[in-house]
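Observations on chain architecture
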Amino acid sequence: QYVLADTTPLDVYAMEPVTLRWVSVDLTVALDLYGRVVTALRLTPGSTKANDVSLLLYDMLGAPDPVHPLAEIGRHEVQVDPPVPRSELPYVCPETLVVDNGKVFISDQVKTVCARLGISIQPGRPYTPTDKAPVERFFRTLREDLLVALPGYKGPDIHSRGKRVEEQSYYFVPELEALIRDWVVNVYHQRAHDGLVDELVPGVRYTPLQRYEAGVARAGFLSIPTHPDLALDFLPVEWRTVQHYGVEIDGLRYDGPGLD
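Residues numbered from 1 in each chain as written. Predicted model: local features only at pLDDT ≥ 70, side-chain atom pairs only at ≥ 80, totals over all residues. Heavy atoms only, no water.

Concerning the overall build of the chain
When helices and strands are tallied, the chain shows five helices and 11 strands. Expressed as a percentage of the 260 residues in the chain, the buried residues total 42%. In the chain, the share of contacts with a sequence separation of at least 24, taken over all contacts with a separation of at least 6, comes to 61%. Of the roughly 14,500 Å² of accessible surface on the chain, a fraction of 53% belongs to carbon and sulfur atoms. (Helix = DSSP H or I, 4+ residues; strand = E, 2+ residues; numbered from the N terminus. Buried < 20%, exposed > 50% of the residue type's maximum accessible area, 1.4 Å probe, protein only. Contact = heavy atoms within 4.5 Å. Areas by Shrake-Rupley, 256 points an atom, 1.4 Å probe, with all protein chains shown as cover.)

Right, here's the structure in full:
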């Protein structure tokens, strides 16, 4: 089982809901090589971080309560995942994760998560996009089928955009991610794919979802044992000293019975 993971800047502006500023967004996806199904995706304002890739793996594995995994520290709730409506995407527990050589994909955090789950990381060859051709083709399909029709579309270069794109209608970042998820589930996964053919049945093309279901029927469904605190295993580890008042993180103090 191979899963291809990659990230790309989208040719569309969005509005950051907290600062109310125009931002460029990065889309990170995990694509199953056998069925071409998108098993997880994340939209991040600005550039993608290693933590975004780690939480992408969390979504890909179908971990429990993927929308609001919360960890309680005393009376404070630390939200691990943003409250974005999550469409139903197929779950995959891969053996190999094919990534590029970007530092967010080969960071210590991602390596630690993959080692804990028994997933081997296979970096692609430098300057060889054909190693992840299916996911590159998905990005192109997304741009041509969905992004070009959205308000805030800026095009791949300055010659492909309209005048004063920032003054037009726009989507907030969570709204844009929900829209992309809806398109993946209801359009991309339901449409026949030219690359999904069966040598035993010439002329028949499968949809990504049909191919995924056929693969599960043939090889069985693999899942990992889950528990409510599984999300914490995907977060970065930072050492802190325990004081009489608790612990201090970014100028805030947290305390609870667990620290006693």
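Still more to cover.
Focus on the pattern of salt bridges
As a working rule, side chains carrying opposite charge can pair if their charged atoms are close by. Tallying each qualifying case throughout the model produces seven salt bridges. The salt bridge involving Arg205 is made with Asp194; its shortest N-O contact spans 2.2 Å. Here Arg205 is found in strand 9 (residues 201-205), whereas its partner Asp194 is found in the loop between helix 4 (173-186) and strand 8 (197-198), with 11 residues between them in sequence. Assessed through its relative accessible area of 44%, Arg205 is described here as partly exposed. Glu238 is the salt-bridge partner of Arg240, the closest N and O atoms lying 3.0 Å from each other. Relative accessible area serves as the criterion here: at 36%, Arg240 is assigned to the partly exposed category. Given a relative accessible area of 54%, Glu238 falls into the exposed group. (Salt bridge = Lys/Arg side-chain N within 4 Å of Asp/Glu carboxyl O.)

What about helix 3 (residues 133-145)?
Its 13 residues give helix 3 an end-to-end C-alpha distance of 18 Å, which sits within 8% of 18 Å, the value for a rise of 1.5 Å per residue. The set of residues buried in helix 3 consists of Pro134, Val135, Phe138, Phe139, Thr141 and Leu142. For helix 3, the angular spread of buried residues about the axis comes to 165°, placing them on one side. Against the buried residues of helix 3 lie strand 1 (2-15), strand 2 (22-32), strand 3 (38-45) and helix 4. (Expected span 1.5 Å × (residues − 1). Arc of directions from axis to C-beta.)

Side note on the confidence of the model for the chain
Per-residue confidence for the chain gives a mean pLDDT of 83, with 85% of residues at or over 70. Taken as a whole, residues 65-87 scores under 50 in pLDDT and shows 49 contacts with residues more than four places along the chain or in a different chain. (pLDDT = per-residue confidence, 0-100.)

Let's talk about the packing of aromatic side chains
Centre-to-centre distance and the angle between the planes together describe a pair of aromatic rings. Here the structure, examined in full by the defined rule, presents eight aromatic pairs. Aromatic side chains Tyr13 and Trp22 sit 6.0 Å apart centroid to centroid with 80° between the ring planes, which places their arrangement in the edge-to-face category. Judged by relative accessible area, Tyr13 falls into the buried class, the value being 16%. Residue Trp22 is classed as partly exposed on the basis of its relative accessible area, which comes to 27%. Sitting above the plane of the Tyr34 ring, Arg211 keeps its charged end 4.5 Å from the centroid. The ring of Tyr245 has Arg253 lying over it, and the distance from NZ or CZ to the ring centre is 3.9 Å. (Phe/Tyr/Trp six-rings, centres within 6.5 Å; stacked < 30°, edge-to-face > 60°. Lys NZ or Arg CZ within 6 Å of the ring centre and 35° of its normal.)

Structural notes on the pairing of strand 2
For strand 2, the tally of buried residues reaches nine of 11 residues, placing the bulk of the element in the interior. Where strand 1 and strand 2 come together, 10 bridges link them in antiparallel fashion. Bridge pairing links Thr8 to Leu27 in strand 2. Between strand 1 and the antiparallel strand that follows it, strand 2, lie six residues; Leu20 among them carries a positive phi value of about 55°. As defined by bridge partners, strand 2 adjoins strand 3 across seven bridges and the pair is classed as antiparallel. Along strand 3, the bridge assignment pairs Asp26 with Thr44. (Pairing = 2+ DSSP bridges.)

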